[in-house]
Amino acid sequence: MKFEDLKGFAFDLDGVIADTARFHGQAWHQLADKVVTEWTPELADSLKGVSRMDSLELILKAGGHENDYSQDEKIALATEKNDNYIKLVETLTPADILPGMKALLDELKANNYHIVLASASKNAPKVLKYLQITDYFEGIVDPAKLTHGKPDPEIYSEAAKLMNLPANQVAGLEDAQAGIESINRAGETSIGFGSSLQDADVKFAHTGDVSLAAIKEQMDK
């Protein structure tokens, strides 16, 4: 695919536009303290990319508490964690946008590209609101309507539909291997941030390195 074919960009949120993963970590740490499970780096790592209820089960199991709570009590704990996460999200400001991303959004808007959000987070609209960038996005893929998570291509295929574009006119931006695989399987151009994303069509070490010119340079080699 050539750069001149691109008409739209689909953005992942966490690790691409802002670092909200740390808020999940803080909220799960609070919950681990509550149920008296020791919080360790290994436990924190095991929760990455895992659903809310499954994460709760991992925390309970790590402390030997898997049989100590009823299903209703577990739901209440998971809800409390999400409430704590949202309180942390509400502390976000435009200063929390990752380097280079606001400039890229401005550039895309100025050049009339379509822009949508392709995040698995149900709290994504709230995050955009506090970052004050909601108006850049013409649509947000609703994760509640998806049947498969990344690396399945569904979320990026839906992003292309939101923009009313064929896959070969869409680029997706991701910082995780599962996300890059999702974009590639959707038949779109993958733009990856981080040194470990070997399968990305376009690669940047950091978000601050990205621009339309830098994307064009790599695609048109």
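Residues numbered from 1 in each chain as written. Predicted model: local features only at pLDDT ≥ 70, side-chain atom pairs only at ≥ 80, totals over all residues. Heavy atoms only, no water.

Going by what an unreviewed UniProt entry lists, the protein chain is known as Beta-phosphoglucomutase and is assigned to Limosilactobacillus pontis. Within the UniProt record for the protein chain, the comment given under Sequence similarities (unreviewed entry) is "Belongs to the HAD-like hydrolase superfamily. CbbY/CbbZ/Gph/YieH family." (UniProt positions renumbered as here; feature names shortened; annotations may be inferred.)

Undergrad: I'd love a proper account of the pairing of strand 4 (residues 170-174), names of residues and values included.
TA: Among the 5 residues of strand 4, 5 are classified as buried, and the element is accordingly described as predominantly covered. Burial along strand 4 is two-sided: the face carrying Val170, Gly172 and Glu174 and the face carrying Ala171 and Leu173 are both buried. Summarising the sheet, strand 4 and strand 5 (residues 189-193) pair through 4 bridges and their orientation is parallel. The residue bridging Leu173 from the neighbouring strand is Ile191, located in strand 5. Tracing the backbone out of strand 4, into helix 8 (residues 177-185) and back to the parallel element strand 5 gives a crossover that is right-handed. (Buried < 20%, exposed > 50% of the residue type's maximum accessible area, 1.4 Å probe, protein only. Helix = DSSP H or I, 4+ residues; strand = E, 2+ residues; numbered from the N terminus. Pairing = 2+ DSSP bridges. Right-handed = clockwise from strand over helix to strand, strands pointing away.)

Undergrad: An account of helix 3 (residues 52-62) is requested, with residue identities and associated values reported.
TA: Turning to helix 3, its buried residues number three or more, namely Ser55, Leu56, Ile59 and Leu60. The arc that holds every buried residue of helix 3, seen down its axis, measures 135°, which confines them to one face. Exposed and facing more than 90 degrees away from the buried side of helix 3 are Lys61 and Ala62. Those residues of helix 3 that are buried lie in contact with helix 1 (21-34), helix 2 (41-46) and helix 4 (71-89). (Arc of directions from axis to C-beta. Contact = heavy atoms within 4.5 Å.)

Undergrad: Lay out the environment of Glu38 with the relevant residues and their values.
TA: Here Glu38 is to be found in the loop between helix 1 and helix 2. Look at Glu38 and you get exposed, because its relative accessible area is 64%. Along the sequence, Glu38 and Gly63 sit 25 residues apart, while their C-alpha atoms lie 6.8 Å from each other.

Undergrad: Give a description of the sheet that holds strand 4 that names residues and reports values.
TA: Strand order in the open sheet formed by 6 strands is 3-2-1-4-5-6, and the pairing between neighbours is parallel. Looking along the sheet, the strands with just one partner apiece sit at the ends: strand 3 (139-140) and strand 6 (202-204). Strand direction decides the pairing type here: strand 5 and strand 6, joined by 3 bridges, are parallel. The residue bridging Phe193 from the neighbouring strand is Phe204, located in strand 6. Where helix 7 (residues 154-163) meets the sheet, it contacts strand 1 (8-11), strand 2 (114-117), strand 3 and strand 4, and its direction lies at approximately 135° from that of strand 1. Of the strands in this sheet, strand 1, strand 5 and strand 6 are in contact with helix 9 (residues 212-219), which crosses strand 6 at around 130°. (Axes fitted to C-alpha atoms, helices over the stretch in contact; angles between N-to-C directions.)

Undergrad: Account for the environment of Asp72, with residues named and values stated.
TA: Here Asp72 is to be found in helix 4. Overall, Asp72 belongs to the exposed group, its relative accessible area being 62%. Residues Asp72 and Ile97, 25 residues apart in the sequence, show an inter-C-alpha distance of 37 Å.

Undergrad: How would you sum up the packing of aromatic side chains? Please name residues and give values.
TA: Counted according to the given criterion, the structure contains 3 aromatic pairs. Each ring, one from Phe11 and one from Phe137, has its centre 6.0 Å from the other, and the planes form 85°; the classification is edge-to-face. In this pair, Phe11 is assigned in strand 1 and Phe137 in the loop between helix 6 (124-131) and strand 3, connecting sequence segments 126 residues apart. With respect to burial, Phe11 and Phe137 carry one shared label: buried. Between Phe193 and Phe204, the ring centres sit 6.0 Å apart and the planes meet at 25°, which makes this aromatic pair stacked. Of this pair, Phe193 sits in strand 5 while Phe204 is found in strand 6, placing the two residues 11 residues apart along the sequence. Taking relative accessible area as the criterion, Phe193 reaches 6% and is therefore assigned buried. When the ring centre of Tyr85 is taken as origin, the NZ or CZ atom of Lys81, which lies over that ring, is 5.1 Å away. Between the NZ or CZ atom of Lys109 and the centre of the ring of Tyr136, over which it lies, the distance is 5.0 Å. (Phe/Tyr/Trp six-rings, centres within 6.5 Å; stacked < 30°, edge-to-face > 60°. Lys NZ or Arg CZ within 6 Å of the ring centre and 35° of its normal.)

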